[in-house]
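Coordinates in review
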Amino acid sequence: MVAGIDVGHRHLRVALADVADPSAAAGHPGPPGRSELRADLPDYHGVAEGLATAASLIDEALAQAGVRREALRGAVVGLPAPVDRATGAVGASGVLPGWIGVPVAGRVSEHLGVPSWVDNDATLGTLAEQRWGALREVRDGVFLKLSDGVGAGLVLDGRLYRGPDGTAGEIGHVAVDPGDRHAAVCRCGHRGCLETVVSTRTVTALLEPLVGGPLTVAEMVALARDGDAPARRVLADTGHHVGAALAGFCTVLTPRRIVVGGELAQAGDLLLGPLHAALEAAALPGTTRTADVVVAELAEHAPVLGALALALDRATTAP
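Residues numbered from 1 in each chain as written. Predicted model: local features only at pLDDT ≥ 70, side-chain atom pairs only at ≥ 80, totals over all residues. Heavy atoms only, no water.

With mixed pairing, 5 strands are arranged side by side in an open sheet as β3-β2-β1-β4-β5. Strand pairing shows two members of the sheet lacking a second neighbour, β3 (34-40) and β5 (116-120), which therefore form its edges. When strand polarity is set aside, the average angle formed by the axes of neighbouring strands in this sheet is 15°. Inspection of the sheet shows strand β2 (residues 11-17) paired to β3 by 7 bridges, in the antiparallel sense. Bridging across to β3, Leu12 finds its partner in Ala39. The strands touched by helix α1 (residues 47-65) are β1 (2-7), β2 and β3; relative to β2, the strand with the most contacts, the crossing angle is about 35°. Helix α9 (residues 302-317) rests against β1, β2, β3, β4 (74-79) and β5 of the sheet, and its axis sits at about 145° to β1. (Pairing = 2+ DSSP bridges. Helix = DSSP H or I, 4+ residues; strand = E, 2+ residues; numbered from the N terminus. Axes fitted to C-alpha atoms, helices over the stretch in contact; angles between N-to-C directions. Contact = heavy atoms within 4.5 Å.)

Turning our attention to unusual backbone geometry. One non-glycine residue with positive phi stands out, namely Asp157, at about 55°. Counting through the fold element by element, Asp157 comes out in the loop between β7 (150-156) and β8 (159-161). A residue is classified by how much of its surface remains accessible, and Asp157, at 52% relative accessible area, is exposed. A positive phi angle is found at Thr254, which is not glycine, with a value near 45°. Structurally, the position occupied by Thr254 is in the loop between α7 (229-253) and β9 (257-261). (Buried < 20%, exposed > 50% of the residue type's maximum accessible area, 1.4 Å probe, protein only.)

Roughly 610 Å³ of internal volume is contained in the largest pocket. Of all elements in the fold, only β1, β2, β6 (141-146) and α5 (200-211) reach the threshold of two or more residues within the lining of the largest pocket. It is α5 that contributes the most residues to the lining of the largest pocket, 3 residues altogether. In terms of residue class, the lining of the largest pocket is made up of 11 nonpolar, 10 polar and 10 charged. (1 Å grid on protein atoms, 1.4 Å probe; cavity = no way out; pocket = protein on both sides within 12 Å on 5 of 7 lines; lining within 4 Å. Points joined across faces, edges and corners; volume = space filled by probe spheres on them. Nonpolar A, V, L, I, M, F, W, Y, C, P; charged D, E, K, R; others polar.)

Another point: the packing of aromatic side chains. By the definition in use, this model includes 0 aromatic pairs. One Lys or Arg, Arg131, reaches over the ring of Trp132 and ends 5.8 Å from the middle of that ring. (Phe/Tyr/Trp six-rings, centres within 6.5 Å; stacked < 30°, edge-to-face > 60°. Lys NZ or Arg CZ within 6 Å of the ring centre and 35° of its normal.)

What follows is about the nonpolar core. Formed by 37 residues in total, the largest nonpolar core has its most connected members in Leu146, Ile171, Met220, Leu246, Ile258 and Val260. Where this core is concerned, the elements lending two or more residues are β6, β7, α5, α6 (217-225), α7, β9 and α8 (269-282). No other element matches the 9 residues that α7 contributes to this core. With near-sequence residues (within four places) excluded, Leu146 lies in contact with Thr200, Val242, Val260, Gly261, Gly262, Glu263, Leu264 and Leu271. (Core = buried A, V, L, I, M, F, W, Y, C linked by side-chain atoms within 4.5 Å.)

This next bit is on the environment of Leu206. Mapping Leu206 onto the fold places it in helix α5. Here Leu206 falls in the exposed class, since its relative accessible area comes to 53%. Each C-alpha atom, one on Leu206 and one on Ala86, is 39 Å from the other, the two residues being 120 residues apart in sequence.

Looking now at the side chain of Ser147. Checked against the element boundaries, Ser147 lands in the loop between β6 and β7. What makes Ser147 buried here is its relative accessible area of 9%. Discounting chain neighbours no more than four positions away, the residues touching Ser147 are Ser199, Thr200, Gly262 and Glu263.

Structure follows, in structure tokens:
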């Protein structure tokens with residue numbers, strides 16, 4: 001058995017798969033048969049709390065499958081942060097302050113007693129969509145994760161591209177209005193980054209004064225689908241900002257498909273329509289002609305399934 005662990009700002013999801021299951025093979029057309037569990041986490045949780053929750057969920061999933069902990073052969077953790085591939089340490093621009101600088105792979109190995117690896121959650125979401133979802137057979141594509149954090153994964157010439165240090169795809173830190181002195185300061189230290197205007201926390205906060213309290217993304221989308229003008233305006237503006245930021249990607253890389261995942265993907269065409277319009281308006285003419293924009297097929301499961309895919313790869317190639 002191997003484990004995939006998706007650590008979010010306010011949640012943790014675990015999935016298990018049997019290495020011996022024929023559906024776990026890389027060429028299989030769908031995700032492997034798996035056990036998947038989810039738990040909520042408090043804002044700004046730390047490594048100790050996250051690892052304890054992951055271990056508890058893994059033990060619960062193993063028990064449900066009737067498998068002993070000793071059968072676990074490896075684990076992969078996905079984090080909403082850049083990850084240094086050489087050291088496995090979490091970069092400072094991640095959305096989890098309590099995890100910054102921590103060599104997570106080593107800590108997970110100590111906690112679970114198995115070989116462990118760590119990767120960026122958007123990169124893992126890209127791997128899952130490439131293997132089992134909307135990026136199947138796509139030679140050049142982009143997976144975009146729109147949640148508390150904003151990140152992207154790239155498929156170039158049929159291969160997942162991480163960059164020389166593993167941090168490629170940090171589109172959330174592309175400046176959309178760097179000259180505005182009043183633009184929000186991003187956690188990376190710059191002003192006007194895409195994430196400061198389209199993160200789920202920022203977007204829902206725009207509507208909370210109008211509804212008189214906290215608002216989830218699902219509630220915001222429901223309001224918009226019921227015709228609420230402010231909710232529709234916020235989602236349209238969000239799509240516009242994302243599309244304008246993606247225009248540079250399209251001009252340089254000419255992807256054939258852009259897959260939108262993360263919590264905001266629930267908005268569907270309410271978000272994708274304005275996104276595509278802004279993309280066409282800002283990209284070099286012709287570079288978006290053959291690029292389609294779609295919602296992720298694996299929905300919120302993409303990052304944990306990507307972690308599971310990488311764990312399966314590691315387990316089956318280890319000597």
